[in-house]
Amino acid sequence: QVQLQESGPGLVKPSQTLSLTCTVSGASITTNVYSWGWIRQAPGKGLEWIGYIGSSGTTVYTPSHQSRASISRDTSKNQFTLRLDSVTPGDTAVYYCVRVTDYWGQGIQVTVSS
């Protein structure tokens, strides 16, 4: 069974860089066909795509996140990572890593506050 687990800090200060890692088990992130991505949900708002990384390592970002987001991977650890630069309180959300789009991690709460 495919499982995804997010890890990272729960509290980040404004202007810093948020870094979250997703550890995948039960499937390889280099397997053809599948992409691996990040979605977030801010308080009181709907789900919002950030971007994804394909099995070949190609990345795609939504326009609203393209300037600040970066997704990378470590194939030796079967992990992929989200970096979000220059965070503001508006980036406070539950962040989910997903296998597009059939498997989800449980989500990790990230709060941006000084």
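Preceding block: the structure.
About the criteria used
Residues numbered from 1 in each chain as written. Predicted model: local features only at pLDDT ≥ 70, side-chain atom pairs only at ≥ 80, totals over all residues. Heavy atoms only, no water. Helix = DSSP H or I, 4+ residues; strand = E, 2+ residues; numbered from the N terminus. Buried < 20%, exposed > 50% of the residue type's maximum accessible area, 1.4 Å probe, protein only. Contact = heavy atoms within 4.5 Å. Lys, Arg positive; Asp, Glu negative; His and termini not counted. Salt bridge = Lys/Arg side-chain N within 4 Å of Asp/Glu carboxyl O. Polar contact = N/O pair within 3.5 Å; in protein donor to acceptor, adjacent residues only side chain to side chain.

Engineer: Please explain the environment of tyrosine 103 as it appears in this structure.
Structural biologist: By the secondary structure assignment, tyrosine 103 is in strand E10 (residues 103-104). Of the residues examined, tyrosine 103 reaches a relative accessible area of 28% and is grouped as partly exposed. Filtering out sequence-adjacent residues up to four positions away, tyrosine 103 remains in contact with Val2, Leu4, Cys97 and Val98.

Engineer: In this structure, what is going on with the side chain of glutamate 6? I would like to understand it.
Structural biologist: By secondary structure assignment, the location of glutamate 6 is in strand E1 (residues 3-7). With no salt bridge to any partner, buried glutamate 6 finds its closest opposite charge in arginine 40, at an N-O distance of 13 Å. Of the polar contacts made by the side chain of glutamate 6, one reaches the backbone nitrogen of glycine 107; its length is 3.0 Å. Setting aside its immediate chain neighbours within four residues, glutamate 6 contacts Thr21, Cys22, Trp38, Tyr95, Tyr96, Cys97, Gly105, Gln106, Gly107 and Ile108.

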